[in-house]
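Fold and geometry: a report
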Amino acid sequence: MSSAENDLYQEVVLEHKRAPRNFGHLAQPTHQAEGTNPSCGDRIAVQLRLDGSQVQDIRFTGQGCAICMASTSMMTEAVKGRDVEAAQALQQHFRAVLTGEEEPGEAPLGKLVSLAGVRRYPSRIKCALLGWHALMHAIAQHEDEEKRA
């Protein structure tokens, strides 16, 4: 990673840690899930309001390291207003980039690509993925409801 990329990574992470987007409780969520990373103490709760298969609104609460909070904040910006399928695809690409299965420049991540540097720190990958795991659990609740209907 070049110095410029590293600077961007640091700047984006710190900005989202200082002022996380969509932070706080969501009035009348339709789905919610929590995630915990016992190795570092990160705890994130994600609340969604789904309208059909669209993420109408999303919020999160909790506490965690800068990477966890920045990743979750950026996640909420990236999936808000999109359909569930698009959110799932984005999560798969993000995870693949962090685990080295996909190159950052080839993944359709938008601003999330600034977190690609986490892949160099395997112990921090769980931090970056915690909010995403909670989001996928909340979406799984929705899919279970759809199957039962």
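Not measured: the values here are computed from a predicted model.

Digging into the side chain of Asn-37
With respect to the element layout, Asn-37 can be found in strand 1 (residues 31–37). At 2.7 Å, the side chain of Asn-37 and the side chain of Ser-39 are in polar contact. When near neighbours in sequence (up to four residues on either side) are disregarded, Asn-37 contacts Asp-42, Lys-126, Cys-127 and Leu-130.

Comments concerning the sheet that holds strand 1
One open sheet holds the three strands; their spatial order is 1-2-3, and the pairing between them is antiparallel. Each having just a single partner strand, strand 1 and strand 3 (54–63) make up the two edges of the open sheet. Pairs of neighbouring strands in the sheet enclose a mean axial angle of 15°, with direction left out of account. The pairing of strand 1 with strand 2 (residues 42–51) spans seven bridges and is classified as antiparallel.

A word on the packing of aromatic side chains
The final tally for this structure, using the stated rule, is two aromatic pairs. Taken together, a centroid distance of 5.1 Å and an interplanar angle of 85° make the contact between Phe-23 and Phe-60 edge-to-face. Linking Phe-23 in the loop between helix 1 (3–18) and strand 1 with Phe-60 in strand 3, this pair joins segments that are 37 residues apart in sequence.

About the cut-offs
- Residues numbered from 1 in each chain as written.
- Predicted model: local features only at pLDDT ≥ 70, side-chain atom pairs only at ≥ 80, totals over all residues.
- Heavy atoms only, no water.
- Helix = DSSP H or I, 4+ residues; strand = E, 2+ residues; numbered from the N terminus.
- Polar contact = N/O pair within 3.5 Å; in protein donor to acceptor, adjacent residues only side chain to side chain.
- Contact = heavy atoms within 4.5 Å.
- Pairing = 2+ DSSP bridges.
- Axes fitted to C-alpha atoms, helices over the stretch in contact; angles between N-to-C directions.
- Phe/Tyr/Trp six-rings, centres within 6.5 Å; stacked < 30°, edge-to-face > 60°.

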